[in-house]
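Breakdown of the fold
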Amino acid sequence: MLKLYLRLILPLLLVFLVFFWWGNNVHAQELPETREVEAFLDGIMAQQKEEFNFTGATLALVKDGEIILKKGYGYADLEDRTPVDPETTLFRPGSVSKLLTWTAVMQLVERGELELEADVNDYLDFEIPPRLLPSRGEGEQPGPVTLHHLMTHTPGFEDRGEGLFLLSREEMMPLGDYLKAYMPERVFPPGEMLAYSNYGTVLAGYMVERVSGLSFNQYVEDHIFEPLGMNHSTFLQPPQDHVEGEMARAYRFVGGEYHEGTFEYVQGKPAGSMSSTASDMASFMIAHLQEGHYQGERILKGETARQMHRQQFTHHPHLNGICYGFFEDTFNGHRVITHGGDTLLFHSGLYLLPEEDLGLFVSYNGGNAFARENLFQAFMDRYYPEPPPPPPALQPPEGSLERTLPYTGEYHPNRRSFTTLEKLLVLMQPIHINVNEEGYLVASFFGETEQYVEVEPGFYTNRRTEGSQLINNLFFEEDDQGQVMLFADGIMTFSQAPWYGTGSFTGLLIVVSLLFLTGTLVAWGVGFALRIYRRQGIKSQDMSSAARWTGGLFSLLALFFFLGLAGILGDIVPAFGVPRIFFEDPPGLDLLLVVPIIMSFLGVLMVLFTGLAWWKKYWNLSGRLHYTLMAAAALALAWIMNYWNLL
């Protein structure tokens, strides 16, 4: 009887144990022992040091509620050879700070003090105007901006960098004053366009202040830093004495040498002013991976944390989208929620794999933004490699060439200024879309060129299946204004530029016009000098002479303006390696911006003189044709300056 019992029970017990083990291990892949992981990351960091030329880095890796690794690399202070300590060396994680802001917002949502779908104006002491730019919505009044829109970066604000970074603490303003002084225009209806917004995050941080009755800094310290034991973290600038640890110095690598920068002051504190350590960020990652719970403390309810980690907005079901604050990405087939952060000198990234209960944080003092993606991709390739290869790459379906042609052209980011001088910056970051004879869509971006194949009308997937840092999917769609929009995986959205708004047309028009006007000035100057030399005297001062003087003055002002603009853009702040205009209005800018107004007035006079010249038959035929071309060049420059907000 006992033998029969054992024969029946033991197999069942064995099956139960197998299923029990499988159920507890199938969802999370185990990492090798810490020493192996550390050795691997040490090797990657050594390679990156040579490639990206940073002076120091700090890193934390967490898994299953535990810190697997926290380590510093290189130096926090190059001159004193002070090593980076992951426990006490503070780095500036930039926009990774936003995750703390969104966590604070969701705490107040939990308590019923903020509502995700309420008009943000209900919580402010000023008004976000209920209007769109006429060029975007024909003066229509869109719906209200809500916290849901702010947390998904879909409020529809234009992006303005003016006033965001400062050179000194004395220039800092209270959050409310900053928000009122630098309010951007609304250019898209809320909830329709993903366009990353620092202003929106600062607005949410100000709402935390207004509702809680505490300063933003104090609220985060009391409700996030203290419960998580983040004693080396602060939003104060620079960190005050009550914050433990030392601030890492940051450096730029220029001309084969390291040049030390200075402390970066971020005006919009909730958007990126935090200083923190790898150890503290490990605690924050564990709290989110454990659905708000950390070592007996709870900063969020489980459902709230899950809500933050779920996709809340995407432009297409097959595109990665955005959660509440976190951005979705896919690495080797694994869903990752992430946020990067860049100041002028520090570059950071936070990556969470909720299904694997794993998180990685890294920050560099120096280098560039590509280092963090390079590191995380290498980590994923080692410990969470690619799934089995997919079927052979798709071929463009019949008619793909014809359907793709309307999408070709130059595209500009929707995260841009529409109404200020900063509009010009889009010319530095265009996307070019073409189609080859085989019907593949060819996209050129960030120095890379990739081919995409049509999967369905408007939706394209990358032809390549191997490699890292690729944009996997693209989606094209016309908006209600008839403008083609381009949506890529993650946070990148773009608008198709009209032919007259492309970089090539703008550059060609300016160069040709300036060369023609400069040639005219030289020719007229030589002719004037020869007449003086030959003692022929100056011709009578009639209207034809006035026309020439007007054209000559316009030409001189055009040269003065564009040379002055180049000089302002070339006025570099040594500590940061960027133009001074990034921080403040350079001396002479206001005066320089008067010049296009005078040029426009002179351009109108030149058009009138052109008509008069043909009517009164000033000069000979070639002279009249030449002056007509001058007037055309003047109008072209005036128009292009108006288009790029230089008027």
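Here we summarise the structure given alongside this text. (Residues numbered from 1 in each chain as written. Predicted model: local features only at pLDDT ≥ 70, side-chain atom pairs only at ≥ 80, totals over all residues. Heavy atoms only, no water.)

Remarks on unusual backbone geometry
Excluding glycine, residues mostly carry a negative phi; peptide bonds, for their part, are mostly trans. Inclusion rule: Numbered from the N terminus, helices here are DSSP runs of H or I no shorter than four residues, and strands are runs of E no shorter than two.
In this model, Gln237 is joined to Pro238 through a cis peptide bond whose omega is -10°. Of note, Pro238 is situated in the loop between helix 8 (216-228) and strand 6 (246-247). Even without being a glycine, Asp357 presents a positive backbone phi close to 55°. In this fold, Asp357 is placed in the loop between strand 14 (346-353) and strand 15 (358-366).

Concerning helix 17 (residues 595-616)
The condition that has to hold: To estimate how far a helix should extend, the number of its residues minus one is multiplied by 1.5 Å. Residue exposure (1.4 Å probe, protein chains only): buried if accessible area is under 20% of the type maximum, exposed if over 50%, otherwise partly exposed. Residues count as neighbours in contact if any of their non-hydrogen atoms are within 4.5 Å of one another.
The terminal C-alpha atoms of helix 17, which comprises 22 residues, lie 30 Å apart, in line with the 32 Å expected from a rise of 1.5 Å per residue. For helix 17, the complete set of buried residues consists of Val595, Pro596, Met599, Ser600, Leu602, Gly603, Met606, Phe609, Thr610, Leu612 and Ala613. Of the surrounding secondary structure, the elements contacted by the buried residues of helix 17 are helix 15 (543-569), helix 16 (589-592) and helix 18 (621-643). At the exit of helix 17 stands Lys617, carrying a positive phi of roughly 60°.

A word on the sheet that holds strand 18 (residues 441-445)
Backbone hydrogen bonds hold the strands of a sheet together, and the pairing may be parallel or antiparallel. Keep this limit in mind: Strands pair, by our definition, only if DSSP identifies at least two bridges between them. With axes taken as lines fitted to C-alpha atoms, and helix axes fitted only over the stretch in contact, angles between N-to-C directions fall between 0 and 180 degrees.
One closed barrel accounts for eight strands, arranged 16-17-18-19-20-21-22-23; its pairing is antiparallel. The sheet shows a mean angle of 30° between the axes of neighbouring strands, taken without regard to direction. Here five bridges tie strand 21 (residues 473-478) to strand 22 (residues 484-488), and the two strands are oriented antiparallel to one another. Residue Glu478 lies in a different strand from strand 22, and its bridge partner there is Val484.

So, the sheet that holds strand 1 (residues 54-63)
Spatial ordering of the open sheet is given by 3-2-1-15-14-13-12, a layout of seven strands whose pairing is antiparallel. The two strands at the open ends of the sheet, each matched to only one other strand, are strand 3 (82-83) and strand 12 (327-331). As defined by bridge partners, strand 13 (residues 334-342) adjoins strand 14 across six bridges and the pair is classed as antiparallel. In the sheet register, Gly340 faces strand 14, and the bridge partner there is Gly349. Sheet strands touched by helix 2 (residues 34-52): strand 1, strand 2 (66-77) and strand 15. Its angle to strand 1, the strand with the most contacts, is close to 150°.

Quick notes on the packing of aromatic side chains
How we decide: Note on aromatic pairs: the rings of Phe, Tyr and Trp (six-membered ring only in Trp) are paired at centre separations within 6.5 Å, and the planes decide the class, stacked below 30 degrees, edge-to-face beyond 60, tilted for the rest. We count a charge as sitting over a ring when the NZ of a lysine or the CZ of an arginine lies within 6 Å of the ring centre and within 35 degrees of the ring normal.
Enumeration over the complete set of coordinates arrives at 33 aromatic pairs. Judged by centre distance (5.7 Å) and plane angle (75°), the rings of Phe91 and Phe346 are edge-to-face. Here Phe91, found in the loop between strand 4 (89-90) and helix 3 (98-110), pairs with Phe346, found in strand 14; they are 255 residues apart in sequence, far enough to count as distant. We classify Phe91 as buried; its relative accessible area is 1%. According to the relative accessible area criterion, Phe346 is buried, its value standing at 3%. Connected via pairs of aromatic rings, a cluster forms that spans Phe40, Phe331, Tyr351, Phe376, Phe379, Tyr383 and Tyr384. Positioned above the aromatic ring of Trp644 is the side chain of Lys423, whose terminal nitrogen or guanidinium carbon lies 5.4 Å from the ring centre. Its guanidinium or amino end placed over the ring of Tyr440, Arg463 lies 3.9 Å from that ring's centre, counting from NZ or CZ.

Examining helix 3
Counted at 1.5 Å a residue, the expected span for helix 3 with its 13 residues is 18 Å, and the 18 Å between its end C-alpha atoms agrees. For helix 3, every residue scored as buried is listed here: Lys98, Leu99, Leu100, Thr101, Trp102, Thr103, Ala104, Val105, Met106, Gln107, Leu108 and Val109. Among the residues trailing helix 3, Gly112 stands out with phi positive, at a value near 80°.

Quick word on the pattern of salt bridges
The following threshold applies: Salt bridges are defined by distance alone: a side-chain nitrogen of Lys or Arg within 4 Å of a carboxyl oxygen of Asp or Glu.
Counted according to the given criterion, the structure contains 18 salt bridges. Among the ionic pairs, Asp125 bridges to Lys180, the shortest N-O distance being 3.7 Å. One end of the pair, Asp125, is in the loop between helix 3 and helix 4 (134-137); the other, Lys180, is in helix 6 (residues 175-181), and 55 residues separate them in sequence. Residues participating in the shared-partner salt-bridge network are Glu291, Glu303, Arg306 and Arg310.

A short note on the side chain of Thr520
By the element assignment, Thr520 lies in helix 14 (residues 503-533). The buried category is assigned to Thr520, whose relative accessible area is 3%. Aside from chain neighbours lying at most four places away, what touches Thr520 is His626 and Met630.

Purely geometric numbers; function is a separate question.
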